[in-house]
Amino acid sequence: MGDLFSNCTDHYPIEKYFQNCTNTSRPCELIHDFAVVAQLLTILDFYITCTLFLLALIINIYFLWICVPLYWKMSYETRKRYVFVISRCVSSISAALTLLILRCILYVYFPPETSSYWLYVIVIVADNISFYSLQGSYIGMAILLYIGVIHPVYFSRRLILRKIYILAVSNVILAILISVPLGAFQTATYIPGPIQCESQHCAPVVGLINFIIVSLAFSATILILLFVFICLSFHIHQSKKLGSYTSSQTLHHARIRLGWTLTAIIVISLAEGIPSSFLIGLKADSVLNTCNNFYQADRLVQITVFTSIDSIIWANVLILDPLASIIFDRNIMNKVTHHINRSQVYYAKFLESVSSNDSKNLPE
């Protein structure tokens, strides 16, 4: 063992990377914290989150596979309500895929210290686009619900499908305009490239700007969803007073779906905001095994825990969101039920054929 850690009770294989990090009076505490960081990254940020994002990817692909054929069979009026549903699903697939690539492929097989700047830029920008377009899809769904309930005449007569398409495309374009410069600087904080952004001065500023943009995006999404939720609740109350049972029941299901979305966004904003606040002012290096990171290992433990929890929450929301859409949408639920029933028939036929073959092979 090296002299720096010779008096430590516990020893770790990673000690060899920090033998020259002598500018500390508590090397044993720091090496223990650093070992915890490495273990958390392996268990939480790799195995658990990769499994969850893979599951989210499969579920959202299945949901899109159901939605698209149904969409083309819907009436003109009904299609208006499903444009942002499909947009949300595409953004969810992109988010799950990019996060899966980032954690399971790039970090493992192409670590930042040996990889191309542009390789990481493409994935990080794509991930940012997914994030902002997903929030925009939530806002679009809420606004269409508000117009359809509060201003039904305008929704049916003046809000044509082409306007909704334009709104959905504008959502993606806005997400791209935000994501490209932000993703380029985010990548530059830990990979050398055309943009120079050192960890001591530039990286904390980029972290602060990212925190402000994400906070504004979440705040706008929550306020709009909350406004629509309150308006919808008031309209349901008025429908019940007028004795419109069918109308109030339909709106009640829409309110439950909107309430789930609002709750999910609030939870995600807290999970995203807490680690982002810890990252403000952090002067960490892109390569993990440096003395600069070693000296702040105790802070890295907190950041790793919160960022891992954020990833797990994101993955669970991406899983539960299409499931909630299936539960609260009768058309999609009927299609899923049909698939389940058909798979049960196929499974029964398979068991029957296996049983028949076994009986033929029995000795007479």
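In this text, all values refer to a predicted model and were calculated from it rather than measured experimentally.

Draft legend 1. Expanded view of the UniProt feature "transmembrane region" (unreviewed entry) in the protein chain. Feature annotation in UniProt places "transmembrane region" (unreviewed entry) on residues 46-72, 84-109, 129-152, 164-185, 205-237, 258-280 and 300-320, given in this structure's numbering. When the span residues 300-320 is considered, its composition is 100% helix and 0% strand, and the gap between its end C-alpha atoms is 30 Å.

Draft legend 2. Seen up close, the packing of helix H1 (residues 27-73) against helix H2 (residues 76-109). Where H1 contacts H2, the axes come no closer than 8 Å and their chain directions differ by 150 degrees. Classified by the angle between their axes, H1 and H2 sit roughly antiparallel to one another. Taken as a pair, H1 and H2 cross one another with a handedness that is left-handed. Of the residues contributing to the contact of H1 with H2, the split by class is 25 nonpolar, three polar and four charged.

Draft legend 3. Local environment of the environment of Tyr-165. Among the secondary structure elements, Tyr-165 is positioned in helix H5 (residues 161-188). Beyond its immediate sequence surroundings of up to four residues, Tyr-165 is in contact with Tyr-71 and Val-83. Engagement of the side chain of Tyr-165 in a polar contact is seen with the side chain of Tyr-71, the distance being 2.5 Å.

Draft legend 4. Spotlight on the state of the cysteines. In the structure shown here, the tally under the stated rule is two disulfides. The partner cysteine of Cys-8 in its disulfide is Cys-28, sulfur to sulfur 2.0 Å. Here the S-S torsion is close to -95 degrees, and the disulfide linking Cys-8 with Cys-28 is therefore left-handed. Here Cys-28 lies in helix H1 and Cys-8 lies in the segment before H1, a separation of 20 residues in the sequence. The exposure class assigned to Cys-8 is buried, which follows from its relative accessible area of 7%. Residue Cys-28 is classed as partly exposed on the basis of its relative accessible area of 31%. Linked covalently through their sulfurs, Cys-21 and Cys-291 form a disulfide whose S-S length is 1.9 Å. In this structure the cystine formed by Cys-21 and Cys-291 twists about its S-S bond by roughly -85 degrees; its chirality is therefore left-handed. A residue pair is termed long-range when its members are at least 10 positions apart, and Cys-21 in the segment before H1 and Cys-291 in helix H8 (residues 291-295) qualify at 270 residues.

Draft legend 5. Spatial organisation of H5. With 28 residues, H5 should cover 40 Å at 1.5 Å per step; its first-to-last C-alpha distance of 41 Å lies within 8% of that length. Of all the bends in H5, the greatest reaches close to 30 degrees and is centred on Ser-179; the proline Pro-181 follows between one and four positions later. All of the buried residues in H5 are Leu-161, Ile-164, Ala-168, Asn-171, Ala-175, Ser-179, Leu-182, Gly-183, Ala-184, Gln-186, Thr-187 and Ala-188.

Draft legend 6. Spotlight on the packing of aromatic side chains. Throughout the structure, instances matching the rule amount to 10 aromatic pairs. Look at Tyr-71 and Trp-72: their rings are 5.3 Å apart centre to centre, the planes differ by 80 degrees, and that puts the pair in the edge-to-face class. Judged by its relative accessible area of 5%, Tyr-71 falls in the buried class. An angle of 45 degrees between the planes, with centres 5.4 Å apart, marks the rings of Tyr-146 and Phe-227 as tilted. In this pair, Tyr-146 is assigned in helix H3 (residues 117-150) and Phe-227 in helix H6 (residues 202-242), connecting sequence segments 81 residues apart. By relative accessible area, Tyr-146 is classed as partly exposed at 21%. By relative accessible area, which is 45% here, Phe-227 ends up partly exposed. Across from the ring centre of Tyr-71, 5.4 Å away, lies the NZ or CZ of Arg-79, which sits over that ring. The ring of Phe-155 carries Lys-80 above its face, with NZ or CZ at 5.3 Å from the centroid.

Draft legend 7. Quick peek at the layout of surface pockets. Each pocket or cavity is described by its volume, and for the second largest pocket that value is around 1100 Å³. As for the second largest pocket, its lining consists of 32 residues, and the residues nearest its centre are Arg-81, Leu-145, Ala-254, Phe-328 and Asp-329. Breaking the lining of the second largest pocket down by element, the ones donating at least two residues are H2, H3, H6, helix H7 (245-279), helix H9 (297-328) and helix H10 (330-361). Looking at which element gives the most residues to the lining of the second largest pocket, the answer is H7, with nine residues. Residue classes in the lining of the second largest pocket are distributed as 17 nonpolar, 10 polar and five charged.

Thresholds, definitions, all that
Residues numbered from 1 in each chain as written. Predicted model: local features only at pLDDT ≥ 70, side-chain atom pairs only at ≥ 80, totals over all residues. Heavy atoms only, no water. UniProt positions renumbered as here; feature names shortened; annotations may be inferred. Helix = DSSP H or I, 4+ residues; strand = E, 2+ residues; numbered from the N terminus. Axes fitted to C-alpha atoms, helices over the stretch in contact; angles between N-to-C directions. Parallel < 35°, antiparallel > 145°, perpendicular 65-115°, else oblique. Left-handed = near helix turned anticlockwise from the far one by under 90°. Nonpolar A, V, L, I, M, F, W, Y, C, P; charged D, E, K, R; others polar. Contact = heavy atoms within 4.5 Å. Polar contact = N/O pair within 3.5 Å; in protein donor to acceptor, adjacent residues only side chain to side chain. Disulfide = S-S within 2.5 Å. Buried < 20%, exposed > 50% of the residue type's maximum accessible area, 1.4 Å probe, protein only. Expected span 1.5 Å × (residues − 1). Bend = angle between axes of the 7 residues up to and from the residue. Phe/Tyr/Trp six-rings, centres within 6.5 Å; stacked < 30°, edge-to-face > 60°. Lys NZ or Arg CZ within 6 Å of the ring centre and 35° of its normal. 1 Å grid on protein atoms, 1.4 Å probe; cavity = no way out; pocket = protein on both sides within 12 Å on 5 of 7 lines; lining within 4 Å. Points joined across faces, edges and corners; volume = space filled by probe spheres on them.

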